[in-house]
Amino acid sequence: MERFRMVFQYFQSNTESVANGICAVLTLASVKMYTIFDFNCPCLPKYNVLYGMGVMFIPPVVLFFVGIIVNKHSVMMLEEWTRPTGKRKKNPAIIKFMFTNLIQRAMIAPVVWILVTLLDGKCFICAFSVSVDPIRFNGLPNMTGWDITRVLAKVPCKEDIIFQNNTSRKAVSRYLLCWSQALGWSILLFLIMLGVVARCLKPCFNHTAFLQTRYWSNYTDLEQKLFDETCSTHAREFARKCVIQFFESMHEEMCQGMILPLDEEDDHLHGITSRKQVNELLQAWYRSKPDLDVTKIAQRQYSRARVRVTGEGDQNEVRQAFTQNGHSPHTDV
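Note that the structure is predicted; figures quoted are calculated from it, not measured.

With that out of the way, let us pick up the overall build of the protein chain. Counting its regular elements, the protein chain contains 13 helices and 0 strands. Counted from the first residue to the last, the protein chain has its helices and strands arranged as α-α-α-α-α-α-α-α-α-α-α-α-α. Here the protein chain holds 333 residues, and the buried ones make up 29% of them. Pairs at least 24 residues apart make up 70% of the contacts formed inside the protein chain by residues separated by at least 6 positions.

Below, the structure written as structure tokens:
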């Protein structure tokens, strides 16, 4: 139970961990769905290929789009792509980074489904049983043309009366199963080798640009999260003051019984005190993201500190404090 709680906390730590958790859940779900799926080949020449290929490739397409929908990076990428430029220019590298991560995670569950179906072999046998050469197998009925095609289409149906006392069906099934598993293991080996090559070649590329892109991608996620948290705090404080104002306008006895005194803590409204101002604030945030420069805040904090101090010793303390915090105040104090 403790390990499960630690894993759950890890998946909740940040957006990337949540995306990894969703990817893992979809992958396990794809394997579970295939194990409980009741595969019944129609054993008809015109429908075997459609049914077998449909089971092999249609669920992966569904899983791919589900992986895109549930991944938060898709929403972040679209918002970054469609937002007005405003004070902050768009960075194509960030959009490309988000798109790459989105596609990589969305492809895992579909690839796992395809590999499981190939290693199991039922879909492959159903789809390609009519494509084998009957001359290679002894014991098949001596037929030609459409008749032998109908017989081969019934290979996946072992209970069919045509193969009750005939061992050729098992030979055809084993032959197709070997091809299916060989194809599945080949794809898995190719993906592993591709991952190894990508890992080995990664240091050869510009690692600085990758770190910068990853940093600003994480910044975009955290900025939106902090904006939502700040909006929630502002909305809570705004609602609290509106409720208090409503009760203050009621009878004095009700006010004495229900109204709590106002807190002396810092005001979370930041001067935004009406519905019109709130709407204008949200519109300004969408149309003009703030510039990525916080030097004005540091200068404002230093200016306030300059007003408070009166002696040279106190000014030196202010300089030392701001220097330790990473700021560089002017030397004209």
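Once the structure has been displayed, the description carries forward.
Another point: the packing of aromatic side chains. What the rule picks out here adds up to 9 aromatic pairs. Look at Phe 64 and Phe 65: their rings are 5.6 Å apart centre to centre, the planes differ by 75 degrees, and that puts the pair in the edge-to-face class. Ring centres of Tyr 215 and Trp 216 lie 4.9 Å apart, and the angle between their planes is 85 degrees; on these two criteria the pair is classed as edge-to-face. Judged by relative accessible area, which is 29%, Trp 216 ranks as partly exposed.

Here a disulfide denotes a covalent bond joining the sulfur atom of one cysteine to the sulfur atom of another. This structure, assessed with the given rule, holds 2 disulfides. The disulfide partner of Cys 41 is Cys 126, and the S-S distance across this bridge is 2.0 Å. Taking the torsion about the sulfur-sulfur bond, which here is approximately 75 degrees, the covalent link between Cys 41 and Cys 126 counts as right-handed. Note that Cys 41 is positioned in the loop between helix 2 (15-36) and helix 3 (48-70) and Cys 126 in helix 6 (residues 122-128), a separation of 85 residues in sequence. Assigned by exposure class, Cys 41 and Cys 126 land together as buried. For Cys 43, the disulfide goes to Cys 157, at an S-S distance of 1.5 Å. Residues Cys 43 and Cys 157 are joined through a disulfide that is right-handed, its torsion about the S-S bond being 95 degrees. Separated by 114 residues along the polypeptide, Cys 43 in the loop between helix 2 and helix 3 and Cys 157 in the loop between helix 7 (146-153) and helix 8 (168-201) bring together distant segments of the chain.

Let us now look at helix 9 (residues 207-248). Over its 42 residues, helix 9 extends 61 Å from the first C-alpha to the last, a length consistent with the 62 Å expected when each residue adds 1.5 Å. Within helix 9, burial applies to Thr 213, Ser 217, Thr 220, Asp 221, Glu 223, Phe 227, His 234, Glu 237, Ile 244 and Phe 247.

This part takes up the layout of surface pockets. Estimates place the volume of the second largest pocket at around 700 Å³. At the level of secondary structure, the elements contributing two or more residues to the lining of the second largest pocket comprise helix 9 and helix 11 (275-287). Tallying contributions element by element places helix 9 first for the lining of the second largest pocket, with 7 residues.

Once that is clear, we can look at the confidence of the model for the protein chain. For the protein chain, per-residue confidence averages 78 on the pLDDT scale, and 75% of positions sit at 70 or higher. Of all secondary-structure elements in the protein chain, the lowest mean pLDDT belongs to helix 10 (residues 252-258), at 49, while helix 6 reaches the highest, 92. Segment residues 258-262 is flagged for pLDDT under 50; beyond a separation of four residues in sequence, or across chains, it makes 7 contacts in the model. Taken together, the stretch residues 328-333 has pLDDT below 50 and engages in 11 contacts with residues farther than four places along the chain or on a different chain.

Now for the pattern of salt bridges. A full pass over the atoms with the stated rule returns 5 salt bridges. In this structure, Asp 221 and Lys 72 form a salt bridge, with 3.5 Å as the shortest nitrogen-oxygen distance. With a gap of 149 residues between them, Asp 221 in helix 9 and Lys 72 in helix 4 (residues 72-82) connect regions that are remote in the sequence. Judged by its relative accessible area of 8%, Asp 221 falls in the buried class. Glu 80 is the partner of Arg 83 in a salt bridge, and the nearest nitrogen-oxygen pair spans 3.2 Å. By relative accessible area, which is 3% here, Arg 83 ends up buried. Here Glu 80 falls in the buried class, since its relative accessible area comes to 6%. Sharing partners across several salt bridges, the network here consists of Glu 237, Arg 240 and Lys 241.

So, on to the side chain of Ser 30. Within the secondary structure, Ser 30 sits in helix 2. A distance of 2.5 Å separates a polar side-chain atom of Ser 30 from the backbone oxygen of Thr 27. Ser 30 has contacts with Leu 63, Ala 109, Val 112 and Trp 113, leaving out every residue within four places of it along the chain.

Here helix 9 crosses helix 11 at 180 degrees, and the two axes come no closer than 13 Å. If you check the angle between helix 9 and helix 11, you find them roughly antiparallel. Two secondary-structure elements touch here, helix 9 through Glu 223, Gln 224, Phe 227, Cys 231, His 234 and Phe 238 and helix 11 through Arg 275, Val 278, Leu 282 and Trp 285.

As annotated by UniProt and renumbered to match this structure, "transmembrane region" (unreviewed entry) occupies residues 49-70, 106-130 and 182-201. Segment residues 49-70 splits into 100% helix and 0% strand. End C-alpha atoms: 32 Å apart. The span residues 182-201 is 100% helical and 0% strand by assignment, and the distance between its end C-alpha atoms comes to 28 Å.

Procedures and definitions
- Residues numbered from 1 in each chain as written.
- Predicted model: local features only at pLDDT ≥ 70, side-chain atom pairs only at ≥ 80, totals over all residues.
- Heavy atoms only, no water.
- Helix = DSSP H or I, 4+ residues; strand = E, 2+ residues; numbered from the N terminus.
- Buried < 20%, exposed > 50% of the residue type's maximum accessible area, 1.4 Å probe, protein only.
- Contact = heavy atoms within 4.5 Å.
- Phe/Tyr/Trp six-rings, centres within 6.5 Å; stacked < 30°, edge-to-face > 60°.
- Disulfide = S-S within 2.5 Å.
- Expected span 1.5 Å × (residues − 1).
- 1 Å grid on protein atoms, 1.4 Å probe; cavity = no way out; pocket = protein on both sides within 12 Å on 5 of 7 lines; lining within 4 Å.
- Points joined across faces, edges and corners; volume = space filled by probe spheres on them.
- pLDDT = per-residue confidence, 0-100.
- Salt bridge = Lys/Arg side-chain N within 4 Å of Asp/Glu carboxyl O.
- Polar contact = N/O pair within 3.5 Å; in protein donor to acceptor, adjacent residues only side chain to side chain.
- Axes fitted to C-alpha atoms, helices over the stretch in contact; angles between N-to-C directions.
- Parallel < 35°, antiparallel > 145°, perpendicular 65-115°, else oblique.
- UniProt positions renumbered as here; feature names shortened; annotations may be inferred.

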